[in-house]
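Report on the structure
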Amino acid sequence: MSGTFTPQPGAAPLPRMVLAQARMEARLLVRNGEQLLIAVVIPVIVLVGMVRGAERLGLDYDHPVVDVVTPGVLALAVMSTAFTSLAIATAFERRYGILKRLGASPLPRSGLLVGKVGALLAVEVLQLAVLSVVGLALGWDPHLSGVSLVAAVLGVLLGTAAFASLGLLMAGALRAEATLAAANLVYLLLLAAGAVILPASAYGGFGAVAQWLPSGALGEAMREAFLDGTVAWRDLVVLGAWTTLGTIATTRTFSWE
Amino acid sequence: MSDPAVVVDGLVMRYAETTAVDGLSLTVERGTVTAVLGPNGAGKTTTLETCEGYRRPQQGSVRVLGLDPRAQARELLPRIGVMLQEGGAWSGARAPEMLRHIASLHAHPIDPAVLEERLGLAECGRTAYRRLSGGQKQRLSLAMALIGRPEVVFVDEPTAGLDPAARRTVWELFEELRRDGVTVVLTTHYMDEAEKLADRIHIIDHGRLIASGSPLELTRGGTVSTIRLVVTKPFPPEAPASLAAALGDRIEVVLLDELSLLVTGPADASTLARVSDWCERSGVLPESLTLGTRNLEDVFLELTGRGLKESA
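Here the structure is a predicted model, which means the values were calculated and not measured.

Re the overall build of chain A
Along its length, chain A carries ten helices and zero strands. Order of helices (α) and strands (β) in chain A, N terminus to C terminus: α-α-α-α-α-α-α-α-α-α. Taken over C-alpha atoms, the radius of gyration comes to 20 Å for chain A, in line with the 18 Å a tight globule of 257 residues would show. The principal-axis extents of the C-alpha atoms in chain A amount to approximately 80 × 35 × 35 Å. Here chain A holds 257 residues, and the buried ones make up 51% of them. In the structure as shown, chain A presents an accessible area of about 11,100 Å², 70% of it carried by carbon and sulfur atoms. Positive and negative charge centroids in chain A, built from 16 and 15 side chains respectively, lie 17 Å apart.

Here is the structure:
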């Protein structure tokens, strides 16, 4: 005879667990109003503001402003999700015992991480779709080719990896409130001075530093892809280096509780 | 008999200044409800968290279903259920969503709708976790521990903060878990909970095991247990000796006054039966026959010199 609770334990197949985790996390990311603000509303305001503002001021670049700014705003969107949203969400998962609870579930930690990355990529696809449409409506004329798309995808993937490793580093070391403050602050600083929206050359002397930041490298990778249709190898290597640094530091310092 | 579900052997756990667990050894047999009873700060949660693989034993060892909870976590974790003392859900998630998520991590989960109904979670509806009442959070947490059909569940203070009706629901659930062959390890500082639910109780204090046994053994079978016999007419003079002879040498019979006798010794069911037989044969009409019941509170008091609740 078997009852409701008769033991029949077992882990679900790994791909199913990872998919479930990614779906749950993506849903929670999208449900959160503040996150939505930073993920979509701010990049849209930046995009529209920069393009309209540049028209008013009559600024002149080698390319139309919208063609320069849109890839930068796509980079900003990746940064907002992979860094700020991830750091804040993970810090509160630590604080509220969710990581602890999942630590006693059949989902392995590596599966949890893959699930998180999956959720980030799903949200990013939505962000990039919305922002691309807004950009196109403003007259964005991207360089489209097989190479430019591969270059952009590589940029998004490596940018996500770099920012996610840094976001997890922060979330695993600081208290939840401190992470909330610091992740937003870093986002604002990089937005203003990180060479993400505009090329490093627009920042004068600081540009020499900014091009080595993950924000500058990701922005440059996206601009090269959509302005020139080329792969920005230097910037991808910079992103890879940040990923390596971030991952090593995170595995050494991350505390699950 | 199969191997024990849990074996804790010489466990020592220290935090900074304090020793939370101090050479603890205990065993939990499969298919039992076992309570780890002790005051706050006795080392109950630390012991449980070591079994769940959250903490590495500093000394000694812990085995759950024969497995090392840290080295063999991937093998062990699908087979156990864990109810944390607090938290464990996303603040923006809804109870049914949370339960379904945990279900999706298991191969043969219980239908979430069944557990929702059993634990009164349907009432939570679309409310976000952070707005649920303490009792609702507690019941969700229990549901998450059970949904994967585990062999062993570890529940930390399962009824803390529940109202009496919800407490009874949880107690009935534990009875059903026992019937279905699930091993339940629960910590509690409620004496009545341990006494009512548990097949075996391990009493711990200052990180040490101070007594183990079934509720009956702990409260009556041990050192002093009594049967008090009160009759309607005075006992004949030979009554104490005659009753003592009927009960055998391990049992003492003392005449308290002309209408009452105290039987001291292992006062089990057979002693009780022999006392009532003796009454019949001797033509004595009992007015009352009372088993001396020491409750766990008394046991704890006797063992430590202080009460369960006062000793934080």
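Okay, back to it.
Considering the layout of surface pockets
Residue and element names in this part refer to chain A. By volume, the largest pocket is sized at about 740 Å³. As for the largest pocket, its lining consists of 31 residues, of which N32, E34, Q35, I88 and A89 are closest to the centre. Put simply, the parts of the chain that give the lining of the largest pocket at least two residues each are α1 (14–31), α2 (33–57), α3 (65–95), α5 (109–137) and α7 (176–193). For the lining of the largest pocket, the class distribution of residues is 17 nonpolar, eight polar and six charged.

A few points about the pairing of strand β5 (residues 80–83) of chain B
Residues in a regular strand point their side chains to alternate faces of the sheet. All names here are of chain B. Of the two faces of β5, the one holding I80 and V82 and the one holding G81 and M83 are both buried throughout. Pairing geometry for β5 and strand β6 (residues 152–156), over four bridges, is parallel. Bridge pairing in β6 links G81 to V153.

Looking at the sheet that holds strand β9 (residues 208–213) of chain B
Residue and element names in this part refer to chain B. Pairing within the open sheet is mixed, and its six strands lie in the order β5-β6-β7-β3-β8-β9. Bordering the open sheet on either side are β5 and β9, each of which pairs with just one other strand. Along the sheet, successive strands turn relative to each other by an average axial angle of 15°, direction set aside. Relative to strand β7 (residues 183–188), β6 runs parallel, the two being bridged by five bridges. Considered in β7, the bridge of F154 is made with V185.

A word on the sheet that holds strand β2 (residues 18–28) of chain B
Residues and elements named next belong to chain B. Spatial ordering of the open sheet is given by β2-β1-β4, a layout of three strands whose pairing is antiparallel. For this open sheet the edge positions go to β2 and β4 (59–64), each flanked by a neighbour on one side alone. Pairs of neighbouring strands in the sheet enclose a mean axial angle of 25°, with direction left out of account. Alignment of strand β1 (residues 6–15) against β2, held across eight bridges, turns out to be antiparallel. Bridge pairing in β2 links L11 to L24. In the packing of helix α1 (residues 44–51) onto the sheet, the strands contacted are β1, β2 and β4, and the crossing angle to β1 comes to about 120°.

As for α7(A)
Each α-helix turn comprises 3.6 residues. Residues three or four places apart therefore point the same way. Residue and element names in this part refer to chain A. Helix length check: α7 (18 residues) gives 25 Å between terminal C-alpha atoms against 26 Å at 1.5 Å per residue, within 8%. Every buried residue belonging to α7 is among A176, T179, A183, Y187, L190 and L191, and all of these are buried. Looking straight down α7, one finds its buried side chains confined to an arc of 105°; they lie on one side. Among the exposed residues of α7, those oriented more than 90 degrees off its buried face are L189 and A192. Looking at the packing, one finds that the buried side of α7 touches α2, α3, α6 (146–173) and α9 (214–228).

Focus on the packing of aromatic side chains
Under the counting rule described, the total for this entry stands at four aromatic pairs over all chains. With 5.2 Å between their ring centres and 65° between their planes, F254(A) and W256(A) make a pair best called edge-to-face. Judged by relative accessible area, W256(A) falls into the partly exposed class, the value being 25%. Geometry around W212(A) places R234(A) over its ring, the cationic atom sitting 4.5 Å from the centre. Sitting over the ring of Y190(B), R167(B) keeps its end group 4.5 Å from the ring centre.

Some remarks on the nonpolar core
Counting 121 residues, the largest nonpolar core has I197(A), M98(B), L115(B), L142(B), F174(B), I201(B) and I203(B) as the members making the most contacts within it. In this structure I197(A) touches V46(A), M50(A), V68(A), V69(A), G72(A), V73(A), L76(A), L191(A) and R223(A), once residues within four positions along its chain are discounted. Of all hydrophobic cores here, the second largest spans 30 residues; its members include V62(B), L65(B), L67(B) and V185(B).

The rules behind these values
- Residues numbered from 1 in each chain as written.
- Chains lettered and ligands numbered in written order.
- Predicted model: local features only at pLDDT ≥ 70, side-chain atom pairs only at ≥ 80, totals over all residues.
- Heavy atoms only, no water.
- Helix = DSSP H or I, 4+ residues; strand = E, 2+ residues; numbered from the N terminus.
- Rg over C-alpha atoms; globule rule 2.2 N^0.38 Å.
- Buried < 20%, exposed > 50% of the residue type's maximum accessible area, 1.4 Å probe, protein only.
- Areas by Shrake-Rupley, 256 points an atom, 1.4 Å probe, with all protein chains shown as cover.
- Lys, Arg positive; Asp, Glu negative; His and termini not counted.
- Charge placed at Lys NZ, Arg CZ, Asp CG, Glu CD.
- 1 Å grid on protein atoms, 1.4 Å probe; cavity = no way out; pocket = protein on both sides within 12 Å on 5 of 7 lines; lining within 4 Å.
- Points joined across faces, edges and corners; volume = space filled by probe spheres on them.
- Nonpolar A, V, L, I, M, F, W, Y, C, P; charged D, E, K, R; others polar.
- Pairing = 2+ DSSP bridges.
- Axes fitted to C-alpha atoms, helices over the stretch in contact; angles between N-to-C directions.
- Contact = heavy atoms within 4.5 Å.
- Expected span 1.5 Å × (residues − 1).
- Arc of directions from axis to C-beta.
- Phe/Tyr/Trp six-rings, centres within 6.5 Å; stacked < 30°, edge-to-face > 60°.
- Lys NZ or Arg CZ within 6 Å of the ring centre and 35° of its normal.
- Core = buried A, V, L, I, M, F, W, Y, C linked by side-chain atoms within 4.5 Å.

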